[in-house]
Amino acid sequence: MAAKKHSEIIDDIIEQLKPVFDLSEQSVYAYLDDANKLCNKNFAALLGYTSADEWASVEGNFPTLFVADNSQKTLISSFQNAMEKGVGSKIQVDWKKKSGGTVKTNVIIVPVSVSGHLFALHFITKT
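Read on for an overview of the structure. Values in this document were obtained by computation on a predicted structure and should not be read as measured data. (Residues numbered from 1 in each chain as written. Predicted model: local features only at pLDDT ≥ 70, side-chain atom pairs only at ≥ 80, totals over all residues. Heavy atoms only, no water.)

### Side note on the pairing of strand S4 (residues 102-114)
Stage number 1. Here strand S3 (residues 89-96) pairs with S4 via 8 bridges, running antiparallel. Note that in S4 the partner of lysine 90 across the bridge is isoleucine 108.
Stage number 2. A loop of 5 residues connects S3 with S4, the two strands running antiparallel in sequence, and glycine 100 in this loop sits at a positive phi of about 105°.
Stage number 3. In the sheet, S4 pairs with strand S5 (residues 117-126) via 10 bridges, with the strands oriented antiparallel. Note on S5: the bridge partner recorded for asparagine 106 is threonine 125.
Stage number 4. Remark: 2 residues form the turn of the hairpin made by S4 and S5, two consecutive strands paired antiparallel; serine 115 in that turn has positive phi of roughly 55°. (Pairing = 2+ DSSP bridges. Helix = DSSP H or I, 4+ residues; strand = E, 2+ residues; numbered from the N terminus.)

### Thoughts on helix H1 (residues 6-23)
Stage number 1. In a regular helix each residue adds 1.5 Å, so 18 residues correspond to 26 Å; H1 covers 24 Å between its end C-alpha atoms and thus fits that length.
Stage number 2. At leucine 17, H1 shows its maximal bend, which comes to roughly 70°, and the proline proline 19 appears one to four places after that position.
Stage number 3. Turning to H1, its buried residues number three or more, namely Ile9, Ile10, Asp12, Ile13, Leu17 and Phe21.
Stage number 4. Close packing links the buried residues of H1 with strand S1 (27-33), strand S2 (36-39), S4 and S5. (Expected span 1.5 Å × (residues − 1). Bend = angle between axes of the 7 residues up to and from the residue. Buried < 20%, exposed > 50% of the residue type's maximum accessible area, 1.4 Å probe, protein only. Contact = heavy atoms within 4.5 Å.)

Everything listed is a geometric property; what it means functionally is a separate question.
Structure below.
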């Protein structure tokens, strides 16, 4: 059986985790790679985007686009621990807003598997 493409995995995540994305009062996003990510309306709004689709369509390096310089190392390290060691974590992250400026948050990163593919699910609360 051939490995699924990331776009197909995103479709599976949407299907299987839709209740989490729709019902969570927290901002939530899932990240596979820079081109394949999704979020709920709360996360899009937190960063100043009009919709989850608008946020997901932004192309480029995720940390450079969305994470303040002072938080990039922390987020990347926590993401790597989730992917390589199956370790969840709670960290502080400053995000870049679409209009400029930053927003301070607490982030819970959880390694999750959908359709046999490991990815990181992030729950964000503004501080």
